[in-house]
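# Architecture and fold: a report
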Amino acid sequence: MIGLISATAAGAAARDRLAAAWPERTRVYDGPVADAVRRAFAECEQLVCFLATGAVVRLVAPLLGGKAADPGVVCVDEGGRFAVALLGGHGGGANELAREVGESLAAVPVVTTATDAVGIPGLDTLGLPHEGDVAGVTRALLDGEPVALEAEVAWPLPPLPFGAGGTRRVRVTDRAGAAGAGEVLLRPPTLVVGVGASRGAPVEEVLGLIAQTLREAGLSPDSVAELATVDAKAQEPGIALAAERLGVPLVTYPADALAAVEVPNPSDAPLAAVGTPSVAEAAALIGGGELLVPKRKSGASPAMATCAVVRRPGRGRLAVVGLGPGARDLLTPRAKAELRRASVLVGLDQYVDQIRDLLRPGTRILESGLGAEEERARTAVAEARQGRAVALIGSGDAGVYAMASPALAEASDDIDVVGVPGVTAALAAGAILGAPLGHDHVSISLSDLHTPWEVIERRVRAAAEADLVVTFYNPRSRGRDWQLPKALGILAEHRAPATPVGVVRNASRADESSRVTALGELDPATVDMMTVVTVGNTATRNIAGRMVTPRGYRWQEEPK
């Protein structure tokens, strides 16, 4: 929850705007300001104070408990011009909150954390449990001193300026042990603990077995990703409470799925009880990985719990990112976040140039020219399979005539794939033209590079007969100039010459141009590959120069 505190009428107005924008996330604290700050500091994860920074410093100073526990605090000035991350920039999330407040209130976010200022991700912002000399190692990274990376287990990390030599290092490990001098330990969630239990097994017995097993195997409990068991034990209190206390999800599988997993220690007892010869080992192994600890029983008499531990390999991450039609303000916040998360960027050279300034220092860029879509897809998947965080970019929406299709055709289930939607050319052009897509519509690419013309023609004819609004992508190039006239001719067999047609070139970019013409008047020679052509259906109208397709076919004329 975000606590909101103000002292003046102007501050209260800005406070109320934020509260209205984030009704589920915020709580307004009224009353004397000092009391309001104390209550919000104790009750909320974050605070936004519409007060002077000096006043907030004096108010929160007596309340500070420690970097790991204090909430993030953002100050907004009286004029609503700036959102200042004052306290808990990383741990409390104040840096990101300042950016969000800035977007919501049209204020400038002010972030002074050194890593954010130079674009280096903080070691405490990677979403992994960490320990050791975070401040010292971060300072070395900022000063350009060599910091070594030792990845005992593969895990996709954002770009960090690691190097050879020096006395400081970052170690990515799921092994137990304290950090050494000048060392930071990052604990990735690589361990799956399979658990079996008799009915009524105490949670203390289950937790004790897990703790002892991890300790004797030299494994860190901070790297436990989940507990796994059979469906029949999903409601077993000892197992469910153990997962809750460890702060990890409980994942369950059907008995027949576990019975199909080959394990070193099958048993007749679980087979008779729940229908599988193995619970702990099979539940841990079903997702693949290395069996680090075979089935162990608890020390109670009789033993009521078993567990086994598997290390699943770190999975690479492929984000397929749509950049939108070109304008920076049509690039989504989620796309920006994925670009900054990636240690490897793969894309068409002209698209890379659009967003190069958004990448973190050290991002490895693999760019290529037109016509290399399949090669880029293979490259991106191969990089992700090496355990890296990869962003594969495309214009518009990456799933519409772009990179998502070849990438997903290449990828298998050994990597994580995330799709990031973008504003498509059809939507950007439609917004410029008016509302041409107000009823059923279809997009058709006229490029026969990947699709035979016979197939394209059949689709155009079907759209014409179905009276669908049609948006043509890739309408005309220097070497392919007859397809658009042919497609328009097919539509003309079913639509009047006066049917509105919208033509938009470079939608949302600095050299954008657009016009609304008619099907019988459009000159295909004025169209190129940077253009989107939208042909209305029989209900589409030109109203005040805007192209409008009503939501229904009952077009009501304005009374005269």
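### Re the overall build of the protein
Regarding its fold elements, the protein presents 18 helices and 28 strands. Taking the principal axes of its C-alpha atoms as reference, the protein extends roughly 90 × 65 × 55 Å. Across the 560 residues of the protein, 46% fall into the buried class. Once local pairs closer than 6 in sequence are excluded, the contacts in the protein between residues at least 24 apart make up 64%. The averaged location of the 65 negative side-chain charges in the protein is 2 Å from the averaged location of its 55 positive side-chain charges.

### Points about the sheet that holds strand β14 (residues 290-297)
Read across the sheet, five strands follow the order β13-β12-β11-β15-β14 without closing on themselves; strand pairing throughout is mixed. Strands at the two margins of the open sheet, each flanked by one partner only, are β13 (250-253) and β14. Across this sheet, the average inter-strand angle for adjacent strands is 25 degrees, counted without regard to direction. Its contacts with the sheet put helix α7 (residues 203-217) on β11 (191-197), β12 (224-230), β14 and β15 (305-311), and the angle it makes with β15 is roughly 40 degrees. In the packing of helix α8 (residues 237-246) onto the sheet, contacts are made with β11, β12 and β13, and the angle to β12 comes to roughly 175 degrees.

### Focus on the nonpolar core
Val-193, Val-195, Ile-210, Leu-214, Leu-227 and Val-309 are the most contacted members of the largest nonpolar core, which has 22 residues in total. Those elements giving two or more residues to this core turn out to be β11, α7, β12, α8 and β15. Among the elements that make up this core, the one with the highest residue count is α7 (six residues). Here Leu-227 is in contact with Val-193, Val-195, Ile-210, Ile-239, Ala-242, Ala-243, Leu-246, Val-248, Pro-249, Leu-250 and Val-251, once residues within four sequence places are set aside.

### A few points about the environment of Glu-512
In this structure, Glu-512 sits in the loop between β24 (500-505) and β25 (513-518). Relative accessible area serves as the criterion here: at 36%, Glu-512 is assigned to the partly exposed category. The contact partners of Glu-512, leaving out residues within four places of it in the chain, are Ile-432, Arg-505, Asn-506 and Ala-507. Separated by 2.8 Å, the side chain of Glu-512 and the backbone nitrogen of Ser-508 make a polar contact.

### Notes on the sheet that holds strand β5 (residues 82-87)
As summarised here, the arrangement of the six strands in space is β2-β1-β3-β4-β5-β6, forming an open sheet in which the pairing is mixed. Across the chains shown, the open sheet's two edge strands, defined by having one partner strand only, are β2 (26-28) and β6 (108-110). The sheet shows a mean angle of 25 degrees between the axes of neighbouring strands, direction not considered. Taken strand by strand, helix α2 (residues 33-43) contacts β1 (2-6), β2, β3 (46-50), β4 (72-76) and β5, and its axis lies near 170 degrees from that of β1.

### Focus: the pattern of salt bridges
Taken as a whole, this structure holds 31 salt bridges when the rule is applied. Notably, a salt bridge pairs Asp-133 with Arg-168, separated by 3.2 Å at the nearest N-O pair. With Asp-133 in the loop between β7 (130-132) and α6 (134-142) and Arg-168 in strand β9 (residues 168-172), this residue pair connects regions lying 35 residues apart in the sequence. With a shortest N-O distance of 3.5 Å, Glu-226 and Arg-312 are connected by a salt bridge.

### Let's talk about the packing of aromatic side chains
Overall, the coordinates contain two aromatic pairs when judged by the stated rule. Considering the side-chain rings of Tyr-401 and Tyr-473, the 4.7 Å spacing of their centres and the 50 degrees angle between planes classify their relative orientation as tilted. Of this pair, Tyr-401 sits in the loop between β19 (389-394) and α15 (404-410) while Tyr-473 sits in strand β23 (residues 469-473), and the two are 72 residues apart along the sequence. You can call Tyr-401 partly exposed: its relative accessible area is 43%. Look at Tyr-473 and you get buried, because its relative accessible area is 10%. The ring of Trp-22 has Arg-25 sitting right over it, with the charged end atom 4.4 Å from the ring centre.

### What to know about the pairing of strand β18 (residues 364-368)
Residues in a regular strand project their side chains so that they alternate between the two faces of the sheet. Of the strand pairs in this sheet, strand β17 (residues 344-348) and β18 are connected by five bridges, and their pairing is parallel. Residue pairing across strands places Val-346 opposite Leu-366, the latter belonging to β18. Regarding topology, helix α13 (residues 349-355) serves as the crossover connection from β17 to the parallel β18, and that connection is right-handed.

### A closer look at the side chain of Lys-233
Mapped onto the elements of the fold, Lys-233 is located in the loop between β12 and α8. In this structure the side chain of Lys-233 is engaged in a polar contact, spanning 3.0 Å, whose partner is the backbone oxygen of Ala-197. In this structure Lys-233 touches Ala-197, Ser-198, Arg-199, Ile-239 and Val-274, once residues within four positions along its chain are discounted.

### Overview of the environment of Arg-27
When you line up the elements, Arg-27 lands in strand β2. Exposure remark for Arg-27: the relative accessible area of 35% places this residue in the partly exposed category. A C-alpha to C-alpha distance of 5.1 Å links Arg-27 and Gly-3, two positions 24 residues apart in sequence. In contact with Arg-27, other than residues within four places in its own chain, are Met-1, Ile-2, Gly-3, Leu-4, Glu-43 and Cys-44.

### Observations concerning the environment of Met-304
Mapped onto the elements of the fold, Met-304 is located in the loop between β14 and β15. On the basis of relative accessible area, Met-304 is assigned to the partly exposed category, the value being 23%. Put simply, Met-304 and Leu-246 are 58 residues apart on the chain and 19 Å apart in space, counted from C-alpha to C-alpha. Setting aside residues up to four positions removed in sequence, Met-304 forms contacts with Gly-196, Ala-197, Ser-198, Arg-199, Gly-200, Ala-201, Pro-202, Glu-205 and Ser-298.

### A closer look at the packing of α7 against α8
Across the interface, α7 lies against α8 with an axial gap of 8 Å and an inter-helix angle of 55 degrees. The angle between α7 and α8 falls in the class oblique. For the crossing formed where α7 meets α8, the hand is right-handed. Contacts between α7 and α8 involve Val-203, Glu-204, Val-206, Leu-207 and Ile-210 from the first element and Gly-238, Leu-241, Ala-242, Arg-245 and Leu-246 from the second.

### Here's the deal with helix α12 (residues 333-341)
Of all the positions in α12, only Ala-335, Glu-338 and Leu-339 are classed as buried. What you see down the axis of α12 is that its buried residues fit within an arc of 100 degrees, all on one side. Facing away from the buried side of α12 by more than 90 degrees, the exposed set consists of Pro-333 and Arg-334. For α12, the secondary structure elements touched by its buried residues are β16 (317-322), β17, α13, β19 and β20 (416-420).

The rules behind the values
- Residue positions are given per chain, counted from 1 along the sequence in the order it is written.
- Restriction of local features to residues with pLDDT of at least 70 applies here, the model being predicted, together with a cutoff of 80 or more for giving and counting side-chain atom pairs; totals for whole chains, interfaces and linings are based on all residues.
- Water and hydrogen atoms play no part in the side-chain values, which are based on all heavy atoms of the structure.
- Per the convention used, a helix needs a DSSP run of H or I reaching at least four residues, while a strand needs a run of E reaching at least two, with both numbered from the N terminus.
- The buried label goes to any residue with under 20% of its type's maximum accessible area, the exposed label to any with over 50%, and the partly exposed label to all in between, with areas taken from a 1.4 Å probe on protein chains only.
- The contact rule is simple, with two residues in contact once any of their heavy atoms fall within 4.5 Å.
- Counted as positive: Lys and Arg. Counted as negative: Asp and Glu, with His and the chain ends omitted from the count.
- Where a charge lies is defined by one atom per residue type, namely NZ (Lys), CZ (Arg), CG (Asp) and CD (Glu).
- Pairing between strands is defined by DSSP: at least two bridges between the two strands are required.
- Where helices are involved, their axes are fitted lines through C-alpha atoms of the stretch in contact, as for all axes, and angles between N-to-C directions lie from 0 to 180°.
- Nonpolar core, defined: a set of buried Ala, Val, Leu, Ile, Met, Phe, Trp, Tyr and Cys residues in which side-chain atoms within 4.5 Å join the residues together.
- In protein, a polar contact means a hydrogen-donor-capable atom and an acceptor-capable atom, both N or O and within 3.5 Å, with residues adjacent in sequence counting only if both atoms are side-chain atoms; elsewhere, any N or O pair within 3.5 Å suffices.
- Put simply, a salt bridge is a Lys or Arg side-chain nitrogen that is within 4 Å of an Asp or Glu carboxyl oxygen.
- Pairing of aromatic rings covers Phe, Tyr and the six-membered ring of Trp, with a centre-to-centre limit of 6.5 Å; geometry is then stacked below 30 degrees between planes, edge-to-face above 60, and tilted otherwise.
- Distance and angle both matter: a charge sits over a ring if NZ of Lys or CZ of Arg is within 6 Å of the ring centre and within 35 degrees of the ring normal.
- The handedness of a crossover follows from its direction of travel: if, with the strands pointing away from the viewer, the path from the first strand over the helix to the second runs clockwise, the crossover is right-handed.
- To sort the angles, those under 35 degrees are grouped as roughly parallel, those over 145 as roughly antiparallel, those from 65 to 115 as roughly perpendicular, and the leftovers as oblique.
- Each crossing gets its handedness from the near helix: less than a right angle anticlockwise from the far helix is left-handed, clockwise is right-handed.
- Summarising the geometry, the arc corresponds to the directions from the helix axis toward the C-beta atoms.

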